[in-house]
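# Summary of the model geometry
Single-letter residue listing:
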Amino acid sequence: MSGPGVDTEEQAALRSAVADLLTKRSDSAAVREAFTSEHGWDPALWSTLVEQIGVAALSIPEEYDGAGAGWVETHLVCEELGRRLTPSPFLGSAVLAAHAVLAAGDADACARLLPSIAAGEQAALCWASESGWATPGVRATDGRLRGTAHHVLGGDTAATLLVVALDGDGVGLFEVPADADGVSATRVPVMDPTRTTATVTFDDVAATAIPTRASFLSRLRAAGWAALSAEQVGAARAVLDATVQYTQERKQFGRVIGSFQALKHRMADMYVEAETARSLSYSAAALVAAADDDESAYAAEVEAAAAKVYCSEALQWITGEAIQLHGGVAITWEYDTHLFFKRAHGTAQLLGQPHELLAALETAAGL
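Here's a quick rundown of the structure.

The rules behind these values
- Residues numbered from 1 in each chain as written.
- Predicted model: local features only at pLDDT ≥ 70, side-chain atom pairs only at ≥ 80, totals over all residues.
- Heavy atoms only, no water.
- Helix = DSSP H or I, 4+ residues; strand = E, 2+ residues; numbered from the N terminus.
- Buried < 20%, exposed > 50% of the residue type's maximum accessible area, 1.4 Å probe, protein only.
- Contact = heavy atoms within 4.5 Å.
- Salt bridge = Lys/Arg side-chain N within 4 Å of Asp/Glu carboxyl O.
- Expected span 1.5 Å × (residues − 1).
- Arc of directions from axis to C-beta.
- 1 Å grid on protein atoms, 1.4 Å probe; cavity = no way out; pocket = protein on both sides within 12 Å on 5 of 7 lines; lining within 4 Å.
- Points joined across faces, edges and corners; volume = space filled by probe spheres on them.
- Phe/Tyr/Trp six-rings, centres within 6.5 Å; stacked < 30°, edge-to-face > 60°.

### Remarks on the environment of leucine 58
With respect to the helices and strands, leucine 58 occurs in the loop between helix H3 (43-53) and helix H4 (71-84). Under the relative-accessibility criterion, leucine 58 is labelled buried at 6%. Along the chain, leucine 58 and threonine 337 lie 279 residues apart, while their C-alpha atoms are 31 Å from each other. Non-local contacts of leucine 58, meaning those with residues more than four positions away in its chain, are made with Leu14, Ala67, Gly68, Ala69, Gly70, Glu73, Thr74 and Val77.

Put into structure tokens, the structure is as follows:
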């Protein structure tokens, strides 16, 4: 990359392939059909993304049957999926679960778990307590898990569960088959219909501990926050484009409303916010991709936290503006504006709310 967010030739080809497929198979009607289906996403589309484009294998090293492409390629797939609100297991499995294993840094666990994830089999990361991600909802004692993980993406459809759990005075990572005795998963209603989440309860469940390195949580948080910021960037640009198109078609007082100076200024501000968010998101992606030791992993964590805070707030503001510029039709089922608005507020809560991350950044900076 010659700069943040500037695709290489190979990255541009990947982006084009994903975008073309989603244009054909994940338009507004297909998205709505997918999130009302049994899985909450389209298994046929997921299979095509995995088998024809290889999205699940992108950032998994070749030695574990991955593509070895790198983090930035995964990042741009997140952006394209976010642009279309495509329901899929990508974030939960190919990003969070896969990067939990990679962040741990244990070769045996990578060899055991990553090939199936690269092939498209679902894994889910169990982490948050009812109050959020600051403290895990599950505790490990003598290799057995007890407690409930909340807000688990794909937790009710995954084959393998990766559990971030309290273990003594620290935090560890554990592997559990989803059909193990004592595991129960329940899908829960959420504000954003394009994304399914579940609670997963562990009732004295035997688990396999995965050794982790000192920077495990920093690497995992950085990857998750960066990926979410990419989704938010894609959604921001999509809702901006839809708003511009609407204002070029809607007429009032004999003129298209997009010709009114006040609306032009508001859309220009939306554009600036979207482009600033994109720059911050890809800056974080570059640091995540380059994190080859503990010190650089901590730096990536800080940059990704900043990107997640800014992109969360930018997307919430942009979708709020879009609601107003669309007028009353914005909240009707025929328009997608309300779906982007729900995605904005739902995504902002994942992996920590903006004010929580901002407080942590201020503490780290000694402010």
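Moving on from the coordinates now.
### What to know about the pattern of salt bridges
The full count for this structure, using the stated rule, is 19 salt bridges. Between glutamate 80 and arginine 84 there is a salt bridge, with the nearest N and O atoms lying 3.0 Å from each other. Placement of both glutamate 80 and arginine 84 in helix H4 is noted, with a separation of four residues, approximately one turn of the helix. Arginine 146 serves as the salt-bridge partner of aspartate 204, at 2.6 Å between the closest nitrogen and oxygen. Here the residue aspartate 204 occupies a position in strand E9 (residues 197-206), and arginine 146 occupies one in strand E5 (residues 144-153), the gap between them amounting to 58 residues. Put simply, Asp7, Arg15, Glu79, Glu80, Arg83, Arg84 and Arg278 are held in one network by salt bridges that share partners.

### Overview of the environment of threonine 23
Here threonine 23 is to be found in helix H1 (residues 9-25). Linking threonine 23 and isoleucine 117, residues 94 residues apart in sequence, is a C-alpha distance of 25 Å.

### Description of the side chain of histidine 150
Within the secondary structure layout, histidine 150 lies in strand E5. Relative accessible area serves as the criterion here: at 17%, histidine 150 is assigned to the buried category.

### Remarks on helix H6 (residues 107-118)
For H6, with twelve residues, the first-to-last C-alpha span of 16 Å sits near the 16 Å given by 1.5 Å per residue. What H6 keeps buried is the set Ala109, Cys110, Leu113, Leu114, Ile117 and Ala118. The buried residues of H6 occupy one face: seen down the axis, they fall within an arc of 130 degrees. Where H6 is buried, its residues touch H3, helix H5 (90-104), strand E1 (123-126), strand E6 (160-167), strand E7 (170-177) and strand E10 (208-210). Once H6 finishes, glycine 120 follows within two positions and takes phi at roughly 105 degrees, a positive value.

### Comments concerning the layout of surface pockets
Computed from the structure, the largest pocket encloses a volume of approximately 500 Å³. Contributing to the lining of the largest pocket are 22 residues, with Ser28, Ala238, Ala242, Asp336 and Phe340 lying nearest its centre. Broken down by secondary-structure element, the contributors of at least two residues to the lining of the largest pocket are H1, helix H2 (28-35), H4, helix H7 (216-249) and helix H10 (337-349). No other element matches H7, which puts six residues into the lining of the largest pocket.

### Quick look at the packing of aromatic side chains
Taken as a whole, this structure holds one aromatic pair when the rule is applied. Between tyrosine 246 and tyrosine 335 the ring centres are 6.1 Å apart and the planes differ by 85 degrees, which places this aromatic pair in the edge-to-face class. On the criterion of sequence distance, the pair formed by tyrosine 246 in helix H7 and tyrosine 335 in the loop between helix H9 (294-326) and H10 is long-range, its members being 89 residues apart. Here tyrosine 335 falls in the partly exposed class, since its relative accessible area comes to 31%.

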